[in-house]
Amino acid sequence: RLEAEDDLSGMAFRLRTGLVRNLGGMGNPELYNQSHVGTKRLIEEHQEKLISLLLKICTCKEDDLSLEKRLAFFTESRHALGKT
């Protein structure tokens, strides 16, 4: 809904509160050994959407979301996700 409304501030808030490194156990190697269909595609779709939203926030106009707010968002997100 936030993306459809182009609500960048709302998207940044939701992403900031929902970003976790190992969402749903995505980092567990066993997950990839157990399923040959479905699960991997869902994770790929999730990652693709996440990247798309992050790029949208990164490249938006100053009028839509100030540089200061974008820098704060990415700094906080880096702490939530880590650097690795």
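Please read these numbers as outputs of a predicted model, since none were measured by experiment.

Visitor: How should the side chain of Arg 70 be read in this particular structure?
Guide: With respect to the element layout, Arg 70 can be found in helix α4 (residues 67–81). Owing to a relative accessible area of 10%, Arg 70 belongs among the buried residues under this scheme. Among the polar contacts made by the side chain of Arg 70, one reaches the main-chain carbonyl oxygen of Cys 60 at a distance of 3.1 Å. At a separation of 3.1 Å, a polar atom in the side chain of Arg 70 contacts the main-chain carbonyl oxygen of Leu 65. Sequence-distant contacts of Arg 70, that is, excluding residues within four places in its chain, are made with Ile 57, Cys 58, Cys 60, Glu 62 and Leu 65.

Visitor: I would appreciate a short explanation of the packing of aromatic side chains in the present structure.
Guide: Counted according to the given criterion, the structure contains 1 aromatic pair. A ring pair is formed by Phe 73 and Phe 74, whose centres lie 4.8 Å apart and whose planes are at 75°; its orientation type is edge-to-face. Note on Phe 74: relative accessible area 29%, which makes it partly exposed.

About the cut-offs
- Residues numbered from 1 in each chain as written.
- Predicted model: local features only at pLDDT ≥ 70, side-chain atom pairs only at ≥ 80, totals over all residues.
- Heavy atoms only, no water.
- Helix = DSSP H or I, 4+ residues; strand = E, 2+ residues; numbered from the N terminus.
- Buried < 20%, exposed > 50% of the residue type's maximum accessible area, 1.4 Å probe, protein only.
- Polar contact = N/O pair within 3.5 Å; in protein donor to acceptor, adjacent residues only side chain to side chain.
- Contact = heavy atoms within 4.5 Å.
- Phe/Tyr/Trp six-rings, centres within 6.5 Å; stacked < 30°, edge-to-face > 60°.

Distances and angles like these do not, on their own, reveal function.
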